[in-house]
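Summary of structural features
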Amino acid sequence: DVNRRVTLSQGKGEKMNIHTYQQAELVRRIWAESHEDALPGLVATGLCIANRVKAGWGTWETILQKHEMWSACVVVPSPRFGDERSELFNRLLARIDGIFHYREKDITNGGLYYARLGTDVLREWFTTNISLNPEKHHRVATVGSITFFD
């Protein structure tokens, strides 16, 4: 696929490729949904998204484009840019490569779904099929305010 071979100059000799683009999209997703959490919550959100790719649900492109399909929230936050002056945002950026390439320790224990139970307004399908279906989807981790299910 010719699009995967294209690189774009960022002005300082740095190259952007499909992987750096996907990492940027992953950061935007994580920041949109978890920017009020501490760093472990941000990392765990990214790891859960990475687990979907690792589990064979699709490519990074597919998983990021169809993110809303698996969202627990009635209203999925729009991807947003982080503040480059934010220490927390910069700490997330420092960890994103490890998340993307599965080198970061999986603190979600293989989580494929996540929600802030008790605070998020949950979609009916999520409540019925995931959070109230412990025979099929176990609670595998809690990181900060986020609960993860397999």
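The sections below set out a description of the structure shown in this document.

Calculation criteria
- Residues numbered from 1 in each chain as written.
- Predicted model: local features only at pLDDT ≥ 70, side-chain atom pairs only at ≥ 80, totals over all residues.
- Heavy atoms only, no water.
- Core = buried A, V, L, I, M, F, W, Y, C linked by side-chain atoms within 4.5 Å.
- Buried < 20%, exposed > 50% of the residue type's maximum accessible area, 1.4 Å probe, protein only.
- Helix = DSSP H or I, 4+ residues; strand = E, 2+ residues; numbered from the N terminus.
- Contact = heavy atoms within 4.5 Å.
- Phe/Tyr/Trp six-rings, centres within 6.5 Å; stacked < 30°, edge-to-face > 60°.

In this section: the nonpolar core. Generally speaking, soluble globular proteins have nonpolar side chains that are buried together. With 34 residues, the main nonpolar core has Leu 26, Trp 60, Leu 92 and Phe 148 as its most contacted residues. Sorting the residues of this core by element identifies helix 1 (18-34), helix 2 (39-54), helix 3 (60-65), helix 4 (87-100), strand 3 (113-115), helix 5 (124-131), strand 4 (139-143) and strand 5 (146-149) as the ones contributing at least two each. No other element matches helix 2, which puts nine residues into this core. Not counting the four nearest positions on each side in its chain, Leu 92 is found in contact with Val 27, Ile 30, Trp 31, Leu 39 and Leu 42.

Below, the discussion takes up the packing of aromatic side chains. Think of a pair of aromatic rings as described by two things: how far the centres are apart, and how the planes are tilted against each other in angle. Scanning the model with the defined rule gives ten aromatic pairs in all. Centroid distance Trp 60 to Phe 100: 4.6 Å. Interplanar angle 25°. Geometry classified as stacked. One end of the pair, Trp 60, is in helix 3; the other, Phe 100, is in helix 4, with 40 residues separating them in the sequence. In this structure, Trp 60 and Phe 100 share a single accessibility class: buried. Note on Phe 126 and Phe 149: the rings are 5.8 Å apart at their centroids and 80° apart in plane angle, and the pair reads as edge-to-face.

In short, shape yes, function no, at least from these values alone.
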